[in-house]
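Okay, here's what each chain looks like letter by letter:
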Amino acid sequence: MAGRDFVQLPGPTNIPDSILEAFRRPPVDFGSPEFKDYVDDLFDDLTELFGSYRVTAYPSVGHGSWEATLVNLLQPGQRFVIPQAGLFSTRWSDMAEAMGFAPVRMPVDQRRAPDPAQIHDLLAADTNHELAGVFVAHTETATGTLADLAAIREAIDAAGHPGLFVVDAIASMATDPVPMAELGIDVVLAASQKGLMMPPGLSLAAVSEKAVTHNATVTTPRYFWSWTERIDPEFVYQRFCGTPPIQHLFALRASVDHIAAEGGIDAVTSRHKRLATATQAAVRAWGEPFELNVIEPPERASALTCVLADGIDIGALLTLAREKYHVLVSGAMGDMAGRAFRIGHLGDLNEPMLLGALAGFECAMRDLKIPHTSGLQAAMESLTTNDCTQ
Ligand SMILES: *Cc1c(COP(=O)(O)O)cnc(C)c1O
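Parameters and conventions
Residues numbered from 1 in each chain as written. Predicted model: local features only at pLDDT ≥ 70, side-chain atom pairs only at ≥ 80, totals over all residues. Heavy atoms only, no water. Helix = DSSP H or I, 4+ residues; strand = E, 2+ residues; numbered from the N terminus. Salt bridge = Lys/Arg side-chain N within 4 Å of Asp/Glu carboxyl O. Buried < 20%, exposed > 50% of the residue type's maximum accessible area, 1.4 Å probe, protein only. Phe/Tyr/Trp six-rings, centres within 6.5 Å; stacked < 30°, edge-to-face > 60°. Lys NZ or Arg CZ within 6 Å of the ring centre and 35° of its normal. Near = heavy atom within 4 Å. Areas by Shrake-Rupley, 256 points an atom, 1.4 Å probe, with all protein chains shown as cover. Domains from an automatic or database assignment. Buried area = accessible area lost by both parts, 1.4 Å probe. Polar contact = N/O pair within 3.5 Å; in protein donor to acceptor, adjacent residues only side chain to side chain. Pairing = 2+ DSSP bridges.

1. So, the environment of Asp-121
Item 1. Tracing the backbone through its elements, the reader meets Asp-121 in helix H5 (residues 116–124).
Item 2. For the pair Asp-121 and Ser-172, spaced 51 residues apart in sequence, the C-alpha separation works out to 26 Å.

2. A closer look at the pattern of salt bridges
Opposite charge on two side chains permits pairing when their charged atoms draw close.
Item 1. Summed over the entire model, instances satisfying the criterion amount to 14 salt bridges.
Item 2. Two residues, Glu-291 and Arg-111, come together in a salt bridge whose shortest N-O distance is 2.9 Å. Of this pair, Glu-291 sits in strand E11 (residues 290–292) while Arg-111 sits in the loop between strand E4 (102–107) and H5, and the two are 180 residues apart along the sequence.
Item 3. The partly exposed category is assigned to Glu-291, whose relative accessible area is 40%.

3. Remarks on the packing of aromatic side chains
Item 1. By the definition in use, this model includes 16 aromatic pairs.
Item 2. With centroids separated by 6.2 Å and ring planes inclined at 75°, the aromatic side chains of Phe-43 and Phe-240 adopt a geometry described as edge-to-face. Taken together, the residues span a long stretch of sequence, with Phe-43 in helix H2 (residues 33–50) and Phe-240 in helix H9 (residues 236–240) at a distance of 197 residues. With respect to class, Phe-43 is no different from Phe-240; both count as buried.
Item 3. Cluster of aromatic residues (ring-pair linked, three or more members): Trp-66, Phe-80, Trp-92 and Phe-135.
Item 4. A cation over an aromatic ring shows up here: Lys-194 above the ring of Phe-88, its NZ or CZ 5.4 Å from the ring centre.

4. Some remarks on the site of the ligand
Item 1. Near the ligand you find Val-61, Gly-62, His-63, Trp-66, Phe-88, Thr-139, Thr-141, Asp-168, Ile-170, Ala-171, Gln-193 and Lys-194, and these make up its full shell.
Item 2. Burial of the ligand by the protein chains amounts to 90% of its free accessible area of 380 Å².
Item 3. The element contributing the most residues to the shell around the ligand is helix H3 (residues 62–73), with three residues.

5. Quick look at the domain arrangement of the protein chain
Item 1. For the protein chain, the assigned domains read domain 1 (6–12 + 264–385) and domain 2 (17–261).
Item 2. For domain 1 versus domain 2, the distance between C-alpha centres works out to 28 Å.
Item 3. A per-residue breakdown of the area domain 1 buries against domain 2 is headed by Ile-265, Glu-299 and Met-333, which together make up 22% of the total.
Item 4. The tally of links from domain 1 across to domain 2 stands at two salt bridges.
Item 5. Here domain 1 is connected to domain 2 by 14 residue pairs in polar contact (both at pLDDT 80 or more).
Item 6. Counting residues per element, the ones that place at least two in the side of domain 1 that touches domain 2 are helix H11 (265–286), E11 and strand E12 (304–309).
Item 7. A total of four residues in the side of domain 1 that touches domain 2 trace back to one element, the largest contributor, which is H11.

6. Some points on the pairing of strand E13 (residues 327–331)
Item 1. Counting buried positions along E13 yields four of five residues, so the element is predominantly enclosed.
Item 2. Bridge analysis of strand E1 (residues 6–8) against E13 gives three bridges, and the strand direction is parallel. Residue pairing in the sheet places Val-7 in a bridge with Leu-328 of E13.
Item 3. Where E13 lies against strand E14 (residues 340–344), two bridges are found, and the strand directions are antiparallel. For Ser-330, the partnering residue across the bridge sits in E14 and is Arg-342.

As structure tokens, then:
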């Protein structure tokens, strides 16, 4: 094959060379003082990046950090509010239920972000403070919505509820701002294969001091996922409850450095916003039946764009785009499967890569004689005028 595939999936994402090369480094003695210093420095930088009190990490996909959060924060059978914004939120709720916890599933329109007023009302009605708090997917990767974390914080405070504020930022970390300290978020979850531009296999949970204090009162049985030894470890072994994922840590170092070299997290999230806005402009130009799933612009995530395309053979379109034009776009999930597709635009991605991917995708639309107006002009216009208010 000539050239590279254009990876426009909402994870895994493109991996920069510096991160790929980190995986070629030979192992080190993880018990050495040099490696302990290396890892301690890395976690100090992560703590700063997240704006948290401590960061814990697991050699697992994102689902592992979900489970870790549940067992470290919830009492057996405890209830907590979890808006059902899409398939990821639903799966997290299913996991909690399977483990004997009691998610309070707040309904959410699949084209809208969770309604903070509804969260307020659920918490305000909980006068005995039995609910553990609110667990929310910031970017819901099944639908492309972005929750308003500041408004949810206000809702929790307005209800006078002392519960925890837990955010699945697996798709939003390094794609949209996640102001953990500013908003008093207690746990922020991330996974390596999204905005952190790494292969899958490492998940992170940044925790607040309140979450750590609360953790000490929780009686739910846990061992591997437990934060207790992980947050102030004497040995790197304790940080991971086993052999540290050495090469993943080299790669995570490279990822943190890559973000810093771009100008820091704000520069990275601004780039994502620009690329997302350009993608949305292209989709609007395509015209019917293509339609942005997320109706309100502020509720659109910068990590991906979910496109409704009723009446089109989406399977054929995605297959042709992949096989003939080397553009990898993802189908929709759950209820939306067959009615929508999802264009990822996160990670190690720049303007010509996005334009190239959109052009390749439109070639597949032309081949299949799907009527549309080209969106390239609109995407270029958006990128050059740099107007992200659309
Ligand atoms: C990708 C994703 C997950 C799941 O991550 P895995 O690594 O596949 O377990 C969870 N939540 C959100 C919001 C995601 O985007």
